[in-house]
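# Per-entry structural report
These are the residues of each chain, in order.
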There are 2 protein chains.
Amino acid sequence: MTEPDMPTPPWERARRRPAPARVPLTRERIVDAAFAVLDREGLDGLSMRRVAAELDVAVSALYAHVDNKDELLELMYRRFFDGLHLPEPDPERWQDQLKEYARQSRVRLLSHRDMARISMGQMPFSPELLPHVEKLLALLRAGGLPDRVTAIAGDLLSTYIDGFVAEESIWQSRYQGADTKSWTEIRDDIRDYFASLPPDRFPNMLAIANLMVDESNDYRFELGLDILVRGLASYAEPTPPPTGLDTRPPTGPDTGPAAGES
Amino acid sequence: MTEPDMPTPPWERARRRPAPARVPLTRERIVDAAFAVLDREGLDGLSMRRVAAELDVAVSALYAHVDNKDELLELMYRRFFDGLHLPEPDPERWQDQLKEYARQSRVRLLSHRDMARISMGQMPFSPELLPHVEKLLALLRAGGLPDRVTAIAGDLLSTYIDGFVAEESIWQSRYQGADTKSWTEIRDDIRDYFASLPPDRFPNMLAIANLMVDESNDYRFELGLDILVRGLASYAEPTPPPTGLDTRPPTGPDTGPAAGES
DNA sequence: TGCATTGGTGAACGCTGTTCTACGACACGC
DNA sequence: GCGTGTCGTAGAACAGCGTTCACCAATGCA
């Protein structure tokens, strides 16, 4: 209809007010855009400029709503827990509930690219996360874990989950970036690498090489999780009757408290 | 003596040759300088330009010896294991040996600022690390762990060590950067924060708040380590007679292998 | 003595997080 | 209705980053 090259007349320019169409910039919209950029470009590609571009906005506009890039990451981390639900602690099933929580966390982490790396750099003590931490602690204490074990179990579990997912994501993205090779080819390469080791010097590596390569991430996650939960369960006190079997520690409690660092 | 603004005459410029004093640039010297910068400025301050400045050398000179910053980090990671010694695996004491290895690793990681963060981003499969991995695997298998547990135990352990040290370093540096407050003051702040939570909504947090704050890092590390080792030990098969007590798993082996992801 | 090769130099490119100044549209009081 | 003031955005700028490129000087070899 209108010629594209024609200059816009002054009245047209005066009437040009997409003001109602211009949605105001908020923290929520910024976080939304940041997640869009994250999923598309990964954490290394997540820059303030790209987030601003995603919103069709100048970079400096972001800084009116967000102090820092660090604060933006923190906001993303908090948003990430929206809708997370932990069940009411059931002392009979605390181990299953704990595992279910871990599995759920892993799935959530995997749903956003590089989210595990973001999670690793954050401390889970923001106001909206505290209720979840509280429920996790309730779960552990309901299982009969001594308080000093409970105090470290949360750290232990989230370190495991974040670390595992971060590692599996790195493997995943490192070899789908250079998309010439498929996953099975990569696996064969790794297998070949292990197989090329001198057998006399690396007998144990060779013995488990296939297991390290073949097992699915799901299985490895589940096994590591079970190891962790068994270790925790070995500290459970029989105050509430445990799973039905003996959960006393297999070895003597010789844990030296060691010296304080300060 | 000489006027500072005078241009240097050509012969003076021609005689300028500190050549004999100039030691040649090598990868080793670059890694040395990188460690110096790391310890002084931390990982965030470790830039190629600063490493070059440490060596009184142009930035581009580094790239003749090192492909990448990533490669430099990898070289640092490898250098980091120089002189590491793992004992010959003793099936009788495999749990103690494993713990000793973990303690030693933590001390090493703490000896260079932010080294844990570097370690987290690396894969332990460089040629000079393989012998150590091999010995670790030998240790675990000597303890009677099934191969599928051994295959994941190394990951589990190093994830724990790296994660723990990274976290403790962050706490350490975050509050010694703003050096106005001492550690005890920080601790009081945290204690106050926990104490300010509504007791009806956060009974479990309050119950263990003191433990989370008061326990030394050494003790928390040791406890987490013990939890891990107990979990591993619960999988040990009695082929070599274990520590003297029953090490059978406390709960039934209901670990679902789950579905492979590809 | 001349030449080629090696290895460092300095400038440049494109990117980053962050800050500062200025402008333009809105809401309000007269 | 009109000036005025405030708020939020735009755009340029700064310092620093990893990396690359064309040049240049000093070395060893013929």
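Relevant structure appears above.
Presented here is a report on the structure given in the accompanying data block. From a predicted model like this one, the values you see are computed outputs, not experimental measurements.

### So, the protein's contact with DNA strand C
Residues in close proximity to DNA strand C total 18 residues, the closest being Arg49, Asn68 and Lys69 of chain A together with Ala58 and Ser60 of chain B. Taken together, the sugar and phosphate atoms account for 47% of what DNA strand C places within 4 Å of the protein. One of the side-chain N or O atoms of Arg49 of chain A is found 2.5 Å from a base nitrogen in DNA strand C. Between Asn68 of chain A and DNA strand C, the recorded distance is 2.6 Å, taken from a side-chain N or O atom to a phosphate oxygen. When contributions to the surface near DNA strand C are tallied by element, the ones reaching two or more residues are α3 (48-54) and α4 (59-62) of chain A together with α4 (59-62) of chain B. Class assignment for the residues of the surface near DNA strand C results in nine nonpolar, five polar and four charged.

### Overview of helix α6 (residues 94-111) of chain B
The end-to-end C-alpha distance of α6 of chain B is 26 Å, a good match for the 26 Å that 18 residues give at a rise of 1.5 Å each. Listed in full, the buried residues belonging to α6 of chain B are Trp94, Gln95, Gln97, Leu98, Lys99, Tyr101, Ala102, Ser105, Arg106, Arg108 and Leu109 of chain B.

### Description of the protein's contact with DNA strand D
The environment of DNA strand D is made up of 17 residues, and the closest members are Ala58 and Ser60 of chain A together with Arg49, Asn68 and Lys69 of chain B. Close to the protein, within 4 Å, the atoms of DNA strand D belong to sugar or phosphate groups at a rate of 49%. Within the side chain of Arg49 of chain A, one N or O atom sits 3.2 Å away from a base nitrogen of DNA strand D. The side chain of Tyr63 of chain B places a nitrogen or oxygen atom 3.0 Å from a phosphate oxygen of DNA strand D. Sorting the residues of the surface near DNA strand D by element identifies α4 of chain A together with α3 (48-54) and α4 of chain B as the ones contributing at least two each. Looking at side-chain class alone, the surface near DNA strand D contains nine nonpolar, five polar and three charged residues.

### A look at the nonpolar core
In terms of nonpolar packing, the biggest core is built from 118 residues, with Val51 and Met76 of chain A together with Val51 and Met76 of chain B touching the most fellow members. Residues within four places of Val51 of chain B in sequence aside, it is in contact with Ile30, Ala33, Ala34, Val37, Leu46, Leu62 and Leu72 of chain B. If you look at the next biggest cluster of nonpolar residues, it comprises 13 residues, including Ile208 and Val213 of chain A together with Leu137 and Ala151 of chain B.

### Points about the environment of Leu38 of chain B
All names here are of chain B. Mapping Leu38 onto the fold places it in helix α2 (residues 27-41). The exposure class assigned to Leu38 is buried, which follows from its relative accessible area of 0%. In the structure, Leu38 is positioned 75 residues away from Arg113 in sequence and 6.4 Å away in space, judged by C-alpha atoms.

### Re unusual backbone geometry
The bulk of non-glycine residues show a negative phi, and the bulk of peptide bonds are trans. Despite not being glycine, Asp114 of chain A has its phi angle at roughly 60°, a positive value. What makes Asp114 of chain A buried here is its relative accessible area of 14%.

### Looking at the environment of Glu237 of chain B
All names here are of chain B. Along the polypeptide, Glu237 turns up in the segment after α12 (217-233). Through-space distance from the C-alpha of Glu237 to that of Gly144 is 5.1 Å; in sequence the pair is 93 residues apart. Setting aside residues no more than four positions away along its own chain, Glu237 makes contact with Gly144 and Pro146.

### Some points on the packing of aromatic side chains
A complete count under the given rule lists 14 aromatic pairs over all chains for this structure. For the pair Tyr193 of chain A and Phe194 of chain A, a centre-to-centre distance of 5.9 Å together with 45° between the ring planes defines the contact as tilted. Judged by relative accessible area, Tyr193 of chain A falls into the partly exposed class, the value being 33%. Take Phe194 of chain A: its relative accessible area is 5%, and that puts it in the buried class. A ring pair is formed by Tyr160 of chain B and Phe164 of chain B, whose centres lie 5.8 Å apart and whose planes are at 50°; its orientation type is tilted. Of the two residues, Tyr160 of chain B and Phe164 of chain B are both situated in helix α9 (residues 147-177); the distance of four residues between them amounts to about one turn of the helix. Like Tyr160 of chain B, the residue Phe164 of chain B is buried in the burial classification. When the ring centre of Tyr235 of chain B is taken as origin, the NZ or CZ atom of Arg230 of chain A, which lies over that ring, is 3.8 Å away.

### Notes on the pattern of salt bridges
Counted according to the given criterion, the structure contains 43 salt bridges over all chains. Note that Arg220 of chain B is salt-bridged to Asp155 of chain A, the shortest N-O span being 3.6 Å. Here Arg220 of chain B, found in helix α12, pairs with Asp155 of chain A, found in helix α9 (residues 147-177), and the two come from separate chains. Judged by relative accessible area, which is 16%, Arg220 of chain B ranks as buried. Between Asp214 of chain A and Arg191 of chain A there is a salt bridge; the shortest N-O distance is 3.3 Å. Placement of the pair is Asp214 of chain A in helix α11 (residues 203-214) and Arg191 of chain A in helix α10 (residues 183-195), with a sequence separation of 23 residues. Residues joined in a network through salt bridges with shared partners are Arg40, Glu41, Arg50 and Glu54 of chain A.

### Looking at helix α11 (residues 203-214) of chain B
Within α11 of chain B, the full set of buried residues consists of Asn204, Met205, Ile208, Ala209 and Val213 of chain B. Buried residues along α11 of chain B cover an arc of 160° about the axis, so they all sit on one side.

### Some words on the packing of helix α8 (residues 130-142) of chain A against α11 of chain B
Their axes nearest at 8 Å, the elements α8 of chain A and α11 of chain B cross at an angle of 75°. Considered as vectors, α8 of chain A and α11 of chain B are oriented roughly perpendicular to each other. Contacts from Leu130, Val133, Glu134, Leu137, Ala138 and Arg141 of chain A of α8 of chain A reach α11 of chain B at Pro203, Asn204, Met205, Ala207 and Ile208 of chain B. Residue composition of the contact of α8 of chain A with α11 of chain B, grouped by class: eight nonpolar, one polar and two charged.

Criteria and thresholds
- Residues numbered from 1 in each chain as written.
- Chains lettered and ligands numbered in written order.
- Predicted model: local features only at pLDDT ≥ 70, side-chain atom pairs only at ≥ 80, totals over all residues.
- Heavy atoms only, no water.
- Near = heavy atom within 4 Å.
- Polar contact = N/O pair within 3.5 Å; in protein donor to acceptor, adjacent residues only side chain to side chain.
- Helix = DSSP H or I, 4+ residues; strand = E, 2+ residues; numbered from the N terminus.
- Nonpolar A, V, L, I, M, F, W, Y, C, P; charged D, E, K, R; others polar.
- Expected span 1.5 Å × (residues − 1).
- Buried < 20%, exposed > 50% of the residue type's maximum accessible area, 1.4 Å probe, protein only.
- Core = buried A, V, L, I, M, F, W, Y, C linked by side-chain atoms within 4.5 Å.
- Contact = heavy atoms within 4.5 Å.
- Phe/Tyr/Trp six-rings, centres within 6.5 Å; stacked < 30°, edge-to-face > 60°.
- Lys NZ or Arg CZ within 6 Å of the ring centre and 35° of its normal.
- Salt bridge = Lys/Arg side-chain N within 4 Å of Asp/Glu carboxyl O.
- Arc of directions from axis to C-beta.
- Axes fitted to C-alpha atoms, helices over the stretch in contact; angles between N-to-C directions.
- Parallel < 35°, antiparallel > 145°, perpendicular 65-115°, else oblique.

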